[in-house]
Amino acid sequence: MKSELHNKTVRAGAWSLIEAICVRGLQFIVGIVLARLLLPEQFGLIGMLTIFIAVAQAFLDSGFGAALIQKSEISEKDRNSIFNFNIVIGLFVAGCLGSIAPLVADFYQQPLLAPLLRAMSLVLIVDAFGLVQAVLLTRAIDFKTQVKVTLVASFVSGIIGITMAWHSLGVWSLVAQQIANAVARAMLLWIFSSWRPSWIFSLRSLREMFGFGSKMLAAGLLNTVFDNVYLVFIGKFFSPSDLGYYTRAYTLQQFPSQSLSGMIARVTFPVFSTIQEDRGRVKSGMKKTLTTLALINFPLMIGLAAVAKPFIVVLLTVKWLPCVPYFQLLTFVGLLYPLHMINLNVLQAMGRSDIFLRLEIVKKILIVLNIAMTWRWGVLAMISGQVVASLLSYYLNAYFNKTLLDYSIWEQIHDLSPYLLIAMLMGGIV
C-alpha cells in the first residue's frame, strides 16, 4: 500500500505540475491580454462582485466536497445525495443573487452591476452539475483528467473573452469568459468521469458528513468573506480604478504563489487523509512539502518584488503603473501563503475541522482590526496591514501542529530559514 500510494502521489504531483505550467500559464496569458485590451475600472467592476459570487460558491459546495474526500469509505448514496443537494443549492443561491442584484448596484452606486451579477449567477447553476465529479477525481488522486478538463475549458473561455474584448464589449467579455469556462468545465467533467448520478437522496448520508462538512462550510464562508472584504471596502470607499489596480496586483501575486501551493495542496490533502493514522509519516510529508515550497516560492516572490516596475510595464503597459507598489507589498503576502496552506491542509486531513474553524474566526478578527486601523490612510496602508496580519496568521496556523504532529512553528522556521536567507540575498543583489 505504501508503494501504491507513493506512485499515485508522484503521478498526481507530476500532473499538478503540468497544470501549474500549462493551465495556469494559459490563464495568466489570457489575463495579461485582457488587461492590455480593457481598462482598470472594468476589472474593478468585476472585483466589486467577486465577494458575492465567492460566497455563493462556498454555499454551493457546503463543505461536503471536503467531507467526501476526507471520509474513509463512501457509498453510492453519499455521492448522489451530495450531487442532488448541490443542484438545489445552486438554483437557490443563483436566485438569491438575482434578487439582490439591484441592492448591490445601489450599494456601490454603479447601475451596471445589477445585470452583471445576474449574468454571473449562471456560473453557480452550471458549477453544481460538475462538483461531485471533480471531488471524486480528487479523491482518486486522478489529476491527469482534471488537468485535461481545466486546460480545454481555460482555452475555450479565454478565446471567447479575448474575442469579445477585441470587439470592444468591455466588462461583458470578462463575464462571458467566466460563464464559458463553467460550461466547458462541467461538460468535460461529464465526458471524462465514469460516474453518473441517479435520483437517490438520503438525509442520513448528509448528516453523517455534516459534522465535518458544516465546520468546513463555516470556515470556508469566513475565509471567502474576509478574503474578499478588501475588494468590498476598496470598491465602496475608493474609485473603480483603484479597485482595478488592487485586483490586478493581487492576481499577479496569486499566480505564482497560489498556483504552486494549490498544486501541492490538492495532492497532499487526499494523501495526508489516507495516512492520517500514522502521524510520523504525516509530519515527514509535511516537512518535505514545506521545504520544497520554500525552495521555489521564497526566491520567486522576493525576486518579483525587486523587479516589479519593469515587470508591470512590460506585461500590462504603463496604464497599470499605479499598481506597482500594491504588487510589491502583496508579494510578501504571497511568500507566506504556501505556509498557511500546508498547515491548514494537515488540520483538515487529520479531521480537525473544529480547530480549523476556530483559527479562521480568530484570523478574521485580525482582518477587521487591520481595516479599522488602516483604511483612512489609503490602499497602501491596508495592504501593509495585510502583511502584518499574514505573519500573525502563520503563527496561529502552525501553533496546533505542535500538539498534533510535534512539529512546532519554531521547528518549521528552523527548516525554512536557509531558503529565506538565500532568497533575501538574491533579492538584495537584484
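Residues numbered from 1 in each chain as written. Predicted model: local features only at pLDDT ≥ 70, side-chain atom pairs only at ≥ 80, totals over all residues. Heavy atoms only, no water.

## So, the confidence of the model for the protein
In this model, the protein carries an average pLDDT of 84, and 88% of its residues clear a pLDDT of 70 or more. Ranking the helices and strands of the protein by mean pLDDT puts helix α5 (residues 113-120) first, with 94, and helix α3 (residues 64-70) last, with 67. (pLDDT = per-residue confidence, 0-100. Helix = DSSP H or I, 4+ residues; strand = E, 2+ residues; numbered from the N terminus.)

## Brief notes about the pattern of salt bridges
Applying the stated criterion across every chain yields a total of 2 salt bridges. With a closest N to O distance of 3.8 Å, K287 and D415 form a salt bridge. Remark: D415 occurs in helix α19 (residues 409-429) and K287 occurs in helix α13 (residues 279-306); sequence separation between them is 128 residues. By relative accessible area, which is 36% here, K287 ends up partly exposed. For D415, a relative accessible area of 13% corresponds to the buried category. (Salt bridge = Lys/Arg side-chain N within 4 Å of Asp/Glu carboxyl O. Buried < 20%, exposed > 50% of the residue type's maximum accessible area, 1.4 Å probe, protein only.)

## What about the packing of aromatic side chains?
Evaluation of the coordinates by the stated rule reveals 12 aromatic pairs. Arranged with centres 5.7 Å apart and planes meeting at 75 degrees, the rings of F43 and W320 form a pair that is edge-to-face. One end of the pair, F43, is in helix α2 (residues 40-61); the other, W320, is in the loop between α14 (308-316) and α15 (324-349), with 277 residues separating them in the sequence. F43 gets classed as buried once you look at its relative accessible area, which sits at 9%. With relative accessibility at 0%, the residue W320 sits in the buried group. (Phe/Tyr/Trp six-rings, centres within 6.5 Å; stacked < 30°, edge-to-face > 60°.)

## Quick word on α14
Of all the residues in α14, the buried ones are A308, I312 and L316. One side of α14 carries all its buried residues, which in axial view fall inside an arc of 30 degrees. Two residues or fewer after α14 comes T317, characterised by a positive phi angle close to 80 degrees. (Arc of directions from axis to C-beta.)

## Quick notes on the packing of α5 against helix α9 (residues 171-192)
The N-to-C vectors of α5 and α9 enclose an angle of 15 degrees; their axes lie 10 Å apart at closest approach. Between α5 and α9, the crossing angle belongs to the class labelled roughly parallel. Relative to α9, the crossing made by α5 is right-handed. Contacts from P115, L116, A119 and M120 in α5 reach V171, W172, V175, Q178 and I179 in α9. (Axes fitted to C-alpha atoms, helices over the stretch in contact; angles between N-to-C directions. Parallel < 35°, antiparallel > 145°, perpendicular 65-115°, else oblique. Left-handed = near helix turned anticlockwise from the far one by under 90°. Contact = heavy atoms within 4.5 Å.)

## So, the side chain of S390
Position of S390 among the secondary structure elements: in helix α17 (residues 379-399). The residues touching S390, leaving out its near neighbours within four places in the chain, are V333, L336 and H340.

## Things to note about the environment of S259
Tracing the backbone shows S259 in helix α12 (residues 240-274). When its relative accessible area of 8% is taken as the criterion, S259 is described as buried. For the pair S259 and R24, spaced 235 residues apart in the sequence, the C-alpha separation amounts to 6.9 Å. With sequence-adjacent residues up to four places away left out, S259 is seen in contact with R24 and Q254.

## Some thoughts on the nonpolar core
Formed by 108 residues in total, the largest nonpolar core has its most connected members in L113, Y246, M286, I312, W320 and L405. If one sorts the elements of this core by residue count, α15 sits on top with 13 residues. Among all residues touching W320, those that are not within four sequence positions of it are A35, L39, P40, F43, G244, Y245, R248 and I312. L137, V149, L188 and L189 belong to the second-largest nonpolar core, a separate cluster that totals 5 residues. (Core = buried A, V, L, I, M, F, W, Y, C linked by side-chain atoms within 4.5 Å.)

## Looking at the side chain of S121
You can see S121 is positioned in the loop between α5 and α6 (122-128). Judged by relative accessible area, S121 falls into the buried class, the value being 6%. Among the polar contacts made by the side chain of S121, one reaches the main-chain carbonyl oxygen of R118 at a distance of 2.6 Å. Setting aside anything within four residues of it in sequence, one finds S121 in contact with I53, A94 and L97. (Polar contact = N/O pair within 3.5 Å; in protein donor to acceptor, adjacent residues only side chain to side chain.)

## Side note on unusual backbone geometry
A negative phi angle is the norm for most residues apart from glycine, just as the trans form is the norm for most peptide bonds. Here Q109, not a glycine, exhibits a phi torsion of approximately 60 degrees, which is positive. Within the secondary structure, Q109 is located in the loop between α4 (76-108) and α5. The backbone of S168 sits at a positive phi, close to 60 degrees, despite the residue not being glycine. Its place among the elements puts S168 in the loop between α8 (143-166) and α9.

## A short note on α17
The first and last C-alpha atoms of α17 sit 30 Å apart over 21 residues, in line with the 30 Å expected at 1.5 Å per residue. Among all positions of α17, only V379, M382, I383, G385, Q386, V387, A389, S390, S393, Y394, N397 and A398 are buried. (Expected span 1.5 Å × (residues − 1).)

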